[in-house]
Amino acid sequence: HFEIAGSVTDVELKGLAFIAITDVTVGAFGSSNASATFDDCDQIDQSVGKASVQTHSVGGSTDLKGKLLPFEEGPMSVEIPNCTFSDISNLEFDAIAHVGGMTLIVDIVF
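Residues take numbers from 1 onward in each chain, read along the sequence in its written order. Under the rules for a predicted model, residues below a pLDDT of 70 receive no local features and side-chain atom pairs below 80 are neither given nor counted, while totals for whole chains, interfaces and linings still include all residues. To get the side-chain values, take all heavy atoms of the structure and skip hydrogens and water.

(A) Quick peek at the packing of aromatic side chains. What counts as a ring pair is set by centres within 6.5 Å for rings of Phe, Tyr and Trp (its six-membered ring), and what kind of pair is set by the plane angle: stacked under 30 degrees, edge-to-face over 60, tilted for all other angles. This structure, assessed with the given rule, holds two aromatic pairs. Taking the centre distance of 6.1 Å and the plane angle of 80° together, the rings of Phe2 and Phe18 count as edge-to-face. Of this pair, Phe2 sits in strand β1 (residues 2–6) while Phe18 sits in strand β3 (residues 17–21); the two residues are 16 residues apart in sequence, bridging distant segments of the chain. With centroids separated by 5.3 Å and ring planes inclined at 15°, the aromatic side chains of Phe85 and Phe110 adopt a geometry described as stacked. In this pair, Phe85 is assigned in strand β9 (residues 84–88) and Phe110 in the segment after β11 (102–106), connecting sequence segments 25 residues apart. Only protein chains enter the calculation, and the probe is 1.4 Å; a residue is then buried if its accessible area is under 20% of its type maximum, exposed if over 50%, and partly exposed in between. Look at Phe110 and you get exposed, because its relative accessible area is 64%. What counts as a helix is a DSSP run of H or I of at least four residues, what counts as a strand is a run of E of at least two, and both are numbered from the N terminus.

In structure tokens, the structure reads:
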């Protein structure tokens, strides 16, 4: 649905509902000085894909099967307050796939 890349700061997604998700809802792939907040969002009914929210570095690499490998630069900072993740299953990673950087998770319901 959303992919955040580059050096953007203060991106805010608020009050959104994502239903019947088929891949990553929010891909946070910005550089180490980028930041975003996903506030009061609902992720409902996801049974395929890598993750609902995925953070990974710019220039990060994957193996031949698409699995994340270690990276050189830390990814962007992400805050995830007041969100709900329901009916999430069979994902390659999990509801939130965090690889380095800073992810702040507050008042989340799984």
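(B) Representation of the side chain of Thr25 within the structure. By the secondary structure assignment, Thr25 is in the loop between β3 and β4 (26–30). Here Gln43 takes part through its side chain, which lies 3.1 Å from a polar atom of the side chain of Thr25. In protein, a polar contact means a hydrogen-donor-capable atom and an acceptor-capable atom, both N or O and within 3.5 Å, with residues adjacent in sequence counting only if both atoms are side-chain atoms; elsewhere, any N or O pair within 3.5 Å suffices.

(C) The arrangement of the pairing of β4 in detail. For β4, the buried fraction is high: four of the five residues fall into the buried class. Strands were regarded as paired on the criterion that DSSP finds at least two bridges between them. In this structure, β4 lies alongside strand β7 (residues 53–55), joined through three bridges in parallel fashion. Bridge pairing links Gly27 to Gln54 in β7.

(D) Quick peek at the sheet that holds strand β10 (residues 96–98). Read across the sheet, four strands follow the order β1-β4-β7-β10 without closing on themselves; strand pairing throughout is parallel. A strand with exactly one partner marks an edge of an open sheet, and here the two such strands are β1 and β10. If you compare each strand with its neighbour and ignore which way they point, the axes differ by 5° on average. When β7 meets β10, the two strands line up parallel, connected through three bridges. Here an angle of 0 to 180 degrees is reported between the N-to-C directions of two axes, which are lines fitted to C-alpha atoms, with helices fitted over the stretch in contact.

(E) Spatial organisation of the pairing of strand β5 (residues 35–39). Within β5, four of the five residues are buried, which leaves it mostly tucked inside the rest of the structure. The sheet contact formed by β5 and strand β8 (residues 77–81) spans three bridges and is parallel. Bridge pairing in β8 links Ser35 to Ser77.

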